[in-house]
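Coordinate inspection notes
Here is what each chain is made of, one letter per residue.
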Amino acid sequence: MDIGLLEDVKLEQYITGIMLDIGVPAHLKGYHYLRDAIMISGKDMETVSSVTKLLYPAVAKHFKTTDQKVERAIRNAIEVSWERGNENTFEDLFGYSFTTGKNRPTNSEYIARIADKVRLDVKAM
């Protein structure tokens, strides 16, 4: 097996663990789009600064769908996880949670924060 492919599989497994801990339901399309977006962003943080021009089109191309459907599905997955997810994990990642009364993070904030955490954790390994 290709070393790069093996690293991608481990990275995907790691991201999946974080997403499940946050409470992103695996049955939602947005779950898969979000995981892909986090993987892309973790490899190139520049994509987070331009989600509509770079990130959503890349994810849409991978899943053979539209940018708009990707954006909406990711937003829905984040909303669901924000309301039902592990508030301690949200506190650790974002510094606030649903219970503190603050609004949920935007798609780009959510993706950027998790991608940054993954990037830093992988460097520390």
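The structure we're discussing is the one just above.
Definitions and cut-offs
- Position labels on residues start from 1 in each chain and follow its written sequence.
- Residue-level local features of this predicted model are given only where pLDDT is at least 70; pairs of side-chain atoms are given and counted only at 80 or more, and the full residue set underlies all totals for whole chains, interfaces and linings.
- Note that the side-chain values use all heavy atoms of the structure and ignore hydrogens as well as water.
- By nonpolar core is meant a set of buried Ala, Val, Leu, Ile, Met, Phe, Trp, Tyr and Cys residues that side-chain atoms within 4.5 Å join together.
- Categorising residues by exposure relies on relative accessible area from a 1.4 Å probe, with only protein chains included: less than 20% of the type maximum marks a residue as buried, more than 50% marks it as exposed, and the intermediate range marks it as partly exposed.
- Helix and strand assignments come from DSSP, with helices taken as H or I runs of at least 4 residues and strands as E runs of at least 2, each series counted from the N terminus.
- In the sections that follow, a salt bridge refers to a side-chain nitrogen of Lys or Arg positioned within 4 Å of a carboxyl oxygen of Asp or Glu.
- Axis geometry follows a simple rule: fit a line to the C-alpha atoms, using only the stretch in contact for helices, then measure angles between N-to-C directions, giving values from 0 to 180 degrees.
- Oblique is the label for any angle not covered by the other classes, which are roughly parallel (under 35 degrees), roughly antiparallel (over 145) and roughly perpendicular (65 to 115).
- Contacts were defined at the residue level, with two residues in contact if any of their heavy atoms lie within 4.5 Å.
- Gly is placed with the polar residues, together with every amino acid not listed as nonpolar (Ala, Val, Leu, Ile, Met, Phe, Trp, Tyr, Cys and Pro) or charged (Asp, Glu, Lys and Arg).
- Take the number of residues in a helix, subtract one, and multiply by 1.5 Å to get its expected span.
- Take the seven residues that end at a residue and the seven that start at it, fit an axis to each, and the angle between those axes is the bend at that residue.
- Patches in this entry comprise residues that are over 30% relatively accessible and not in a salt bridge; like charges within 9 Å are linked, as are nonpolar side chains (Val, Leu, Ile, Met, Phe, Trp, Tyr) within 5 Å.
- Working definition of accessibility: Shrake-Rupley area with a 1.4 Å probe, residue cover restricted to the visible protein chains.
- Counting rule applied: Lys, Arg positive; Asp, Glu negative; His and chain ends not counted.
- To locate a charge, the coordinates of NZ of Lys, CZ of Arg, CG of Asp or CD of Glu are taken.

**Things to note about the nonpolar core**
Counting 36 residues, the largest nonpolar core has Leu34, Ile38, Ile74, Tyr110, Ile111 and Ile114 as the members making the most contacts within it. Breaking this core down by element, the ones donating at least two residues are α1 (3-22), α2 (29-43), α3 (51-63), α4 (67-84), α5 (87-94) and α6 (107-124). Looking at this core element by element, the count peaks at 7 residues for α4.

**What to know about the pattern of salt bridges**
Between side chains of opposite charge, pairing is possible as soon as their charged atoms come close. Enumeration according to the criterion identifies 7 salt bridges in this entry. The closest approach of N and O atoms between Arg119 and Asp116, which form a salt bridge, is 2.6 Å. One end of the pair, Arg119, and the other, Asp116, are both in helix α6, 3 residues apart, so they sit about a helical turn from each other. With relative accessibility at 27%, the residue Arg119 sits in the partly exposed group. Close ionic contact of Asp121 with Lys117 constitutes a salt bridge, the shortest N to O distance being 2.7 Å. Of the two residues, Asp121 and Lys117 both sit in helix α6, 4 residues apart, roughly one turn of that helix. Among the residues examined, Asp121 registers a relative accessible area of 22% and is labelled partly exposed. When salt bridges that share partners are traced, they join Arg113, Asp116 and Arg119 into one network.

**Concerning the packing of α4 against α6**
Axis angle and axis distance: for two packed helices, these are the angle between their axes and the distance between the axes, and together they describe the pair. One can describe the packing of α4 onto α6 by two numbers: an axis separation of 10 Å at closest approach and a directional angle of 75°. Between α4 and α6, the angle falls in the class roughly perpendicular. Contacts between α4 and α6 involve Glu71, Ile74, Arg75, Ile78 and Ser81 on the former and, on the latter, Asn107, Tyr110 and Ile111.

**With respect to the packing of α2 against α4**
It is the contact of α2 with α4, at a shortest axis distance of 8 Å, that shows an interaxial angle of 100°. Judged by the angle between their axes, α2 and α4 are roughly perpendicular. Only Lys69, Val70, Ala73, Ile74, Ala77 and Ile78 of α4 make contact with α2, whose side of the interface consists of Lys29, Gly30, Tyr31, Tyr33, Leu34 and Ala37. Classifying every residue of the contact of α2 with α4 gives 9 nonpolar, 1 polar and 2 charged.

**A look at α6**
Taking 1.5 Å as the rise per residue, α6 with 18 residues should run 26 Å; its terminal C-alpha atoms sit 26 Å apart, in good agreement. Buried within α6 we find Asn107, Tyr110, Ile111, Ala112, Ile114, Ala115 and Val118.

**Quick look at α3**
The largest bend along α3 reaches roughly 25° and is located at Pro57. Positive backbone phi, approximately 55°, marks Lys64, located one or two places after α3.

**As for a negative patch on the surface**
There is a patch of like negative charges on the surface, built from Asp21, Glu87, Glu91 and Asp92. Here the element with the most residues in the negative patch is α5; it accounts for 3 residues. As for its placement among the helices and strands, Asp21 is situated in helix α1.

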